[in-house]
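# Inside the fold
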Amino acid sequence: MGVQSLHDNPPRKSAATATKGTGPFADLVGIVLRPLHRLIWANPERRARKLLQFAEVEAAGGRDLVRAAELTADPVLRDRYLRHARDEARHADMFQAQGRKLHGKLHEGDANGALGEWIAPGERGIDGLDVARESDATLLAFLHLSESAAARDFARYAHVIDDDAATRTLFQRILRDEDQHKKYTRDELFRIAPRRSRRVLWWARLRRLWKAYLRFATAFAGVIAGVVLTLQYFLLLPPFAWLAKRAARRERTGWISVDERARR
Ligand SMILES: [Fe+2]
Ligand SMILES: [Fe+2]
């Protein structure tokens, strides 16, 4: 599974915009988030780090799909999961190659990932689900929503990366696959659970919402912890530093015998 050159055969415009039509609400959210996405992706260091993170998530998603293929009793689904897993492994290679290329040009550093991770997450795969405990229908519903979100997010990222044609092309290329994943998971869900597919999809939406809330709460708690520790540093530490300095001034300089110290 080699990494493709990002400059060869760039995707046609129709592929890059394939995810349009996700709904007015999603379009509005995309417009509201655009300045933040632009800010996150404008920093080359952060861009490299995020691409390497995406590579890890894509690789983990591929492994989960192989596990799902082992567990399903449906031969058609098994075949589709395995093909899907190969795609995710290829995405991992592509993200890793581009991330390393960018990272090689930069210094280590930057920080702060928690909030950026929440705002620009990339593909989440099955998002921590235990594959062995999910039915084919619930897993497909979850995958469908996850792939839809990935395709939409990658389209947004490609839209705001102005000065890095290779990374932009990478996103455009990968989002074509994500669109395919989105379509096949929906079709398979309707095939294996035609009567309850909509209910299963709504349940999956609620579970994703809950997971998104937990991620936000974790990122927010990290920010609050940083503020509290900074305040503690500046408000609580100075009095102790002053007391320590005052005690140090009272100390006599030079050697003091143990007996003399005991008498004081
Ligand atoms: Fe992917
Ligand atoms: Fe995918």
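So, how was this worked out
- Sequence order sets the numbering: in each chain, residues are counted from 1 along the sequence as written.
- Each chain takes a letter, starting from A, and each ligand takes a number, starting from 1, following the order in which they are written.
- Note on the predicted model: pLDDT of at least 70 is required for a residue's local features to be given, and 80 or more for side-chain atom pairs to be given and counted; whole-chain, interface and lining totals, by contrast, use all residues.
- With hydrogens and water excluded, all non-hydrogen atoms of the structure serve as input to the side-chain values.
- Without a salt bridge and with relative accessible area above 30%, a residue can belong to a patch; like charges are then joined within 9 Å and nonpolar side chains (Val, Leu, Ile, Met, Phe, Trp, Tyr) within 5 Å.
- The Shrake-Rupley method, run with a 1.4 Å probe sphere, supplies the accessible areas, and residue values consider only the shown protein chains as cover.
- Salt bridge criterion: a side-chain nitrogen from Lys or Arg within 4 Å of a carboxyl oxygen from Asp or Glu.
- Just so you know, the count uses Lys and Arg for positive and Asp and Glu for negative, and it drops His and the chain ends.
- Charge positions are represented by NZ for Lys, CZ for Arg, CG for Asp and CD for Glu.
- Comment: elements are numbered from the N terminus, with helices defined as DSSP H or I runs of at least four residues and strands as E runs of at least two.
- For each residue, the accessible area found with a 1.4 Å probe, counting protein chains only, is set against the maximum for its type, and the residue is called buried under 20%, exposed over 50%, and partly exposed in between.
- Buried Ala, Val, Leu, Ile, Met, Phe, Trp, Tyr and Cys residues form a nonpolar core when they are joined through side-chain atoms within 4.5 Å.

On the surface, a cluster of positive charge is contributed by Lys245, Arg246, Arg249 and Arg250. You can see Arg250 is positioned in helix α9 (residues 237–250). Classification of Arg250 as exposed rests on a relative accessible area of 60%.

The next point concerns the nonpolar core. Formed by 21 residues in total, the largest nonpolar core has its most connected members in Tyr81, Leu139, Ala141 and Leu189. Of all the secondary-structure elements, those providing two or more residues to this core are α3 (44–71), α4 (75–104), α6 (136–160), α7 (165–192) and α8 (197–235). With seven residues, the top contributor of residues to this core is α6. Counting residues in hydrophobic clusters, the runner-up holds 20 residues, among them Trp41, Ala150, Ala155 and Leu170.

As a further point, take the environment of Asp130. By the element assignment, Asp130 lies in the loop between α5 (114–119) and α6. Classification of Asp130 as partly exposed rests on a relative accessible area of 40%. Sequence separation between Asp130 and Asp64 is 66 residues; the distance between their C-alpha atoms is 8.9 Å.

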